[in-house]
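Survey of secondary and tertiary structure
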Amino acid sequence: MVTKKLLDLRYNEMWKAWNSTNEEVDDYSSTLFKRDLVLSWKQLNVTVVRKIPKLFGSSEVVTKQILNNVSGNVECGTLLGIMGPSGSGKTTLMATISHRTKGNFNGELLLNGRSVSEDVMIKISGFVAQEDISFVQLTVLEQLKLMAKLKMDRTTSNKVIKDRIDYLAAHLGLNKIMNSRLCFLSGGERKKVALAVQLINDPPILFCDEITTGLDSYSAAHIVNTLRRVAHSGKIVICTIHQPASGLFDQFQEVILLTNGRLAYQGSVSLVNNFFQKYGYICPATYNKADFVVSVLNSDGVLDRNNVNNMCELSSNVAQMDIKFNSFNKDVQSEYGHHLQAEKLNWITQVLLLLYISIICFIRNYKEKLLEFGTLIFLGVINASPYANLQFDTKAVQNWQGFWLCLTINTVFQFSYSAIATHQIKFSVVHREVSNKVYSLSAYYVSEIILLYVWVFIKTVLFCMVVFWIVGVNWVYMQLLVFMIISFASVSYGCLLSAYFSRVEEAVVFSTVYEYLALPLSGAYLSFKSLPKVLYSLRYVSLFFLGCETVSSLFWERIKSLPCTDVANCLDNGKAVLNNYGFVSSNLYFDITILLTFCLLANILGYFGVLKRMKKQPAY
């Protein structure tokens with residue numbers, strides 16, 4: 001007789017979700033954190049003001065209230081879900097109580113019955129955003145190591161970091177993808193990595209926005225069961241959830257139900273059915289409880305709307321809120337300073353670590369960099385080919401000067417536009433991580449500038465050697481140095497635009513205006529002798545002029561004589577050539593000083609430009 005084989009579900013995540021009596025005991029719960037935290041929020045009101053520009057007249061101001069008098073409590077050991085229809089304010093509530101929103105809100109946000117600052121909340125909590133953004137060229141292991149070093153105490157040993165990563169990899173199912181780059185992972189896998197990043201330093205409070213959205217039922221169950229174990233280890237875990245599967249909704253101990261920015265219910269998940277039965281709503285036995293609740297809250301029926309309004313009025317009653325607040329906070333008066341004792345890496349170490357990561361991402365993005373370098377060399381060859389093997393006589397003066405002017409102008413264009421998207425590429429990642437105090441903005445900025453300047457140095461050296469060889473220039477190291485300074489100034493200008501404009505298109509438009517004004521002052525298109533003094537003095541704000549005069553002076557001042565083939569129009573030495581084009585050789589070092597000063601000021605102003613953009617709300 002053949003024995004039938006049955007599928008064993010005992011080790012399946014869905015089985016764990018359905019059979020909640022068999023709880024897995026967390027064998028790695030930290031002993032650093034006690035069950036001593038209560039997070040409360042009272043009468044939160046969040047309003048967004050937007051200006052709609054008009055073609056004529058002043059802009060129209062539109063005000064929309066996102067949260068209306070919302071209150072709640074949650075204590076350690078609790079997995080709390082925030083649920084409601086789309087647009088009900090779930091993410092806004094989470095961003096507000098986690099202090100991740102830059103906007104102002106009215107109401108109280110309390111930890112252990114006392115007001116909690118943004119700085120303290122960010123240090124004490126982790127936040128898993130709905131849309132994960134990270135340095136996608138890193139592997140999972142590299143990402144976790146990086147975040148461990150940046151977020152954990154700087155005295156933490158490598159062994160402790162390795163053990164923590166191994167634990168998270170095992171419990172989140174990451175072992176098979178540890179050596180895979182983030183850019184090659186699926187959406188579900190990236191969410192697991194994002195959760196691991198926030199758990200890496202074992203925070204006592206964890207916020208997760210739409211953590212199960214986009215995941216299959218098995219992966220969603222795996223994530224929720226993991227969060228339940230995290231909560232049972234003595235932590236506060238708060239999640240926004242959107243259409244959870246039948247078994248997952250019951251895994252949450254408590255739930256907050258929102259509708260149109262108002263609180264309809266907060267309490268035990270097991271009592272949700274009883275609460276709705278008071279208003280005549282009975283969930284069918286075979287129906288998804290979460291779907292049933294959302295359908296009631298989202299109904300347009302008159303009776304349904306009246307019932308939901310009654311729910312919200314009951315939940316928003318001031319006396320009721322005070323009773324809940326006092327019952328949660330009366331026994332919790334302990335300090336939570338021990339949660340804030342971790343010391344971050346010093347500034348120099350942050351710079352070196354971020355520079356190392358930037359180099360890894362740079363190398364792995366080699367195809368784009370090779371294309372950028374190949375384009376530069378190709379344009380250099382095209383620019384130099386018409387001037388190949390120039391002779392030294394008066395007939396070739398115009399060709400020589402045309403070569404230097406074209407080469408300088410093209411260098412300014414190529415290097416400035418190659419840097420015009422520098423801060424846009426990684427801004428969303430850096431914005432969120434700097435806002436979460438993972439590392440300082442200045443450390444990231446300095447590491448990026450160092451790597452950028454090294455890359456510019458390599459490109460400029462190879463570019464100049466190819467071009468000079470084609471034309472037959474007997475160059476000296478000073479010429480190479482001058483072109484290096486011009487390249488640095490051009491890149492600094494591009495980075496400055498990138499820092500102040502959030503979109504590349506806007507930066508290009510501004511740059512075009514500047515170039516229309518600065519390019520005629522380069523010396524290639526106008527005789528400086530014919531210009532009014534006011535316009536003549538503006539030449540020092542033109543990178544094109546500073547580059548052209550510097551390169552021309554350096555080249556022609558060494559030419560003491562030229563064979564004169566045309567007596568009527570004879571420029572028989574380098575000084576005569578410079579005078580003819582309106583350049584002054586004695587200004588060489590003055591021009592170099594201006595270019596170097598421009599590099600310094602552009603990078604300093606660029607930092608403050610990025611810092612200004614950091615004050616806006618990061619992507620959550």
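Thresholds applied
- The numbering scheme is per chain: residues are counted from 1 as the chain's sequence reads.
- Where totals are concerned, whole chains, interfaces and linings use all residues; where local detail is concerned, this predicted model gives features only for residues with pLDDT of at least 70, and gives and counts side-chain atom pairs only at 80 or more.
- The basis for every side-chain value is the complete set of heavy atoms in the structure, and neither hydrogens nor water enter the calculation.
- By the criteria applied, helices consist of DSSP H or I runs no shorter than four residues and strands consist of E runs no shorter than two, each listed in order from the N terminus.
- Any residue under 20% of the maximum accessible area for its type is buried, any over 50% is exposed, and the rest in between are partly exposed; the area is computed with a 1.4 Å probe on protein chains only.
- Every residue pair with non-hydrogen atoms within 4.5 Å of one another is taken to be in contact.
- The accessible surface values rely on the Shrake-Rupley method and a 1.4 Å probe; as for residues, cover is taken only from the protein chains in view.
- If DSSP finds at least two bridges between two strands, the strands pair.
- Only the stretch in contact is used when a helix axis is fitted, and all axes are lines through C-alpha atoms; the angle between N-to-C directions ranges over 0 to 180 degrees.
- We count a salt bridge whenever a side-chain nitrogen from Lys or Arg sits within 4 Å of a carboxyl oxygen from Asp or Glu.
- Residues with no salt bridge and a relative accessible area higher than 30% make up the patches, which join like charges within 9 Å and nonpolar side chains (Val, Leu, Ile, Met, Phe, Trp, Tyr) within 5 Å.
- Each helix should span, by expectation, one fewer than its residue count multiplied by 1.5 Å.
- UniProt positions are given in the numbering used here, feature names are shortened, and annotations may be inferred rather than shown by experiment.
- Polar contacts, as counted here, are pairs of nitrogen or oxygen atoms within 3.5 Å of one another; within protein the pair requires one atom able to donate a hydrogen and one able to accept it, and residues that are adjacent in sequence qualify only if both atoms are side-chain atoms.
- When two rings of Phe, Tyr or Trp (its six-membered ring) have centres within 6.5 Å they constitute a pair, described as stacked for plane angles under 30 degrees, edge-to-face for angles over 60, and tilted for the intermediate range.
- Whether a charge sits over a ring depends on NZ of Lys or CZ of Arg being within 6 Å of the ring centre and within 35 degrees of the ring normal.
- Should an angle fall under 35 degrees it is taken as roughly parallel, and over 145 as roughly antiparallel, whereas 65 to 115 is taken as roughly perpendicular and any remaining angle as oblique.
- Cavities and pockets were defined on a 1 Å grid built over protein atoms only: a cavity is a set of grid points that admits a 1.4 Å probe from which the probe cannot escape, a pocket is an open set flanked by protein on both sides within 12 Å along at least five of seven lines, and lining residues are those with an atom within 4 Å of any such point.
- Grid points are joined across faces, edges and corners, and a volume is the space filled by probe spheres set on the points.
- For this classification, Asp, Glu, Lys and Arg are treated as charged, while Ala, Val, Leu, Ile, Met, Phe, Trp, Tyr, Cys and Pro are nonpolar and the rest, including Gly, are polar.

- The name recorded for the protein in an unreviewed UniProt entry is ABC transporter domain-containing protein, from Macrosiphum euphorbiae.

**Examining the overall build of the protein**
- Looking only at helices and strands, one finds 23 helices and 10 strands in the protein.
- Burial statistics for the protein: of 620 residues in total, 52% are counted as buried.
- Once local pairs closer than 6 in sequence are excluded, the contacts in the protein between residues at least 24 apart make up 77%.
- When the accessible surface of the protein is totalled, it reaches about 29900 Å², and 59% of it is carbon and sulfur.

**A closer look at the sheet that holds strand β2 (residues 60-75)**
- Reading across the sheet, the 4 strands line up as β2-β1-β4-β5 and stay open at both edges, with antiparallel pairing between neighbours. With one partner strand each, in any of the chains shown, β2 and β5 (114-115) form the two edges of the open sheet.
- Where strand β1 (residues 38-52) and strand β4 (residues 105-111) come together, 6 bridges link them in antiparallel fashion. Residue Lys-42 lies in a different strand from β4, and its bridge partner there is Glu-108.
- The strands touched by helix α2 (residues 90-97) within the sheet are β1, β2 and β4, with β1 carrying the most contacts at an inclination of about 115°.

**Re unusual backbone geometry**
- Although it is not a glycine, His-99 adopts a positive phi angle of roughly 60°.
- By secondary structure assignment, the location of His-99 is in the loop between α2 and β4.
- Exposure remark for His-99: the relative accessible area of 12% places this residue in the buried category.
- For Asn-112, which is not glycine, the phi torsion reads 55° and is therefore positive.
- Mapped onto the elements of the fold, Asn-112 is located in the loop between β4 and β5.

**Structural notes on the pattern of salt bridges**
- Evaluated as defined, the whole model comprises 11 salt bridges.
- In this structure, Lys-289 engages Asp-250 in a salt bridge whose closest nitrogen and oxygen atoms are separated by 3.1 Å. You can see Lys-289 sitting in helix α10 (residues 289-297) and its partner Asp-250 sitting in the loop between α8 (246-249) and β9 (254-259), a full 39 residues away along the chain.
- According to the relative accessible area criterion, Lys-289 is buried, its value standing at 15%.
- Here Arg-503 ties to Glu-505 by a salt bridge, and the two come within 3.8 Å at their closest N and O atoms.
- Salt bridges linked by common partners bring Arg-164, Asp-202 and Lys-235 together as one network.

**A word on a nonpolar patch on the surface**
- Among the surface-exposed residues, Ile-450, Val-454, Phe-457, Ile-458, Leu-462, Met-465, Trp-475 and Tyr-477 lie close enough to one another that they form a single nonpolar patch of about 770 Å² accessible area.
- If you tally residues by element for the nonpolar patch, the top one is helix α17 (residues 441-471), at 6 residues.
- If you trace the backbone, Leu-462 turns up in helix α17.

**A word on the sheet that holds strand β6 (residues 125-128)**
- An order of β6-β7-β8-β3-β9-β10 is seen for the 6 strands of this open sheet, with the pairing classed as mixed. At either margin of the open sheet sits one strand with a lone partner, and together these are β6 and β10 (262-268). Between one strand axis and the next, the sheet turns by 15° as a mean value, whatever way the strands run.
- Lying over the sheet, helix α7 (residues 217-232) contacts β3 (78-83), β7 (205-209) and β8 (236-241), oriented at roughly 130° with respect to β3.
- Packing against the sheet, helix α11 (residues 302-315) makes contact with β9 and β10, and its axis sits at approximately 70° to β10.

**Regarding helix α21 (residues 543-556)**
- Over its 14 residues, α21 runs 20 Å from end to end, which matches the ideal 20 Å to within 8%, given 1.5 Å per residue.
- Summarising burial for α21: 14 of the 14 residues are buried, a large majority.

**Overview of the UniProt feature "transmembrane region" (unreviewed entry) in the protein**
- The UniProt feature table records "transmembrane region" (unreviewed entry) at residues 345-363, 370-390, 402-422, 443-471, 477-501, 508-528 and 588-610.
- Taken end to end, residues 345-363 comprises 89% helix and 0% strand; its first and last C-alpha atoms sit 25 Å apart.

**Re the side chain of Asp-202**
- Within the fold, Asp-202 resides in the loop between α6 (187-199) and β7.
- Here Asp-202 falls in the buried class, since its relative accessible area comes to 13%.
- Reaching out from Asp-202, the side chain makes a polar contact with the side chain of Arg-164 at a distance of 3.5 Å.
- One polar contact links Asp-202 to Lys-235, side chain to side chain, over a distance of 3.2 Å.

**Quick word on the packing of aromatic side chains**
- As enumerated under the stated definition, the model contains 26 aromatic pairs in all.
- With a centroid separation of 6.0 Å and an interplanar angle of 70°, the aromatic rings of Phe-468 and Phe-483 are classed as edge-to-face. Note that Phe-468 is positioned in helix α17 and Phe-483 in helix α18 (residues 477-500), a separation of 15 residues in sequence. Phe-483 matches Phe-468 in its accessibility class, with the two residues each being buried.
- An aromatic cluster of at least three residues, connected via ring pairs, comprises Tyr-387, Trp-400, Phe-403, Trp-404, Phe-468, Phe-483 and Phe-555.
- The positively charged end of Arg-613 is found above the aromatic ring belonging to Phe-427, 4.0 Å away from the centroid.

**Side note on the packing of α18 against α21**
- Relative to each other, α18 and α21 sit at 175°, their axes nearing to 10 Å. Judged on the interaxial angle alone, α21 and α18 are roughly antiparallel. For the pair formed by α18 and α21, the contact residues are Met-478, Gln-479, Val-482, Phe-483, Ile-486, Ala-489, Ser-490 and Tyr-493 on the first element and Leu-543, Gly-547, Thr-550, Val-551, Leu-554 and Phe-555 on the second.

**With respect to empty space enclosed by the protein**
- This model, assessed by the stated rule, comprises 4 cavities of 30 Å³ or more.
- As for the largest cavity, its lining consists of 19 residues, and the residues nearest its centre are Asp-132, Ile-133, Val-197, Gln-198 and Glu-433.
- If you list the elements that add at least two residues to the lining of the largest cavity, you get β6, α4 (140-151), α6 and α16 (422-435).
- Top element by residues in the lining of the largest cavity is α6. It accounts for 5 residues.
- A breakdown of the residues in the lining of the largest cavity according to their chemical character gives 10 nonpolar, 4 polar and 5 charged.

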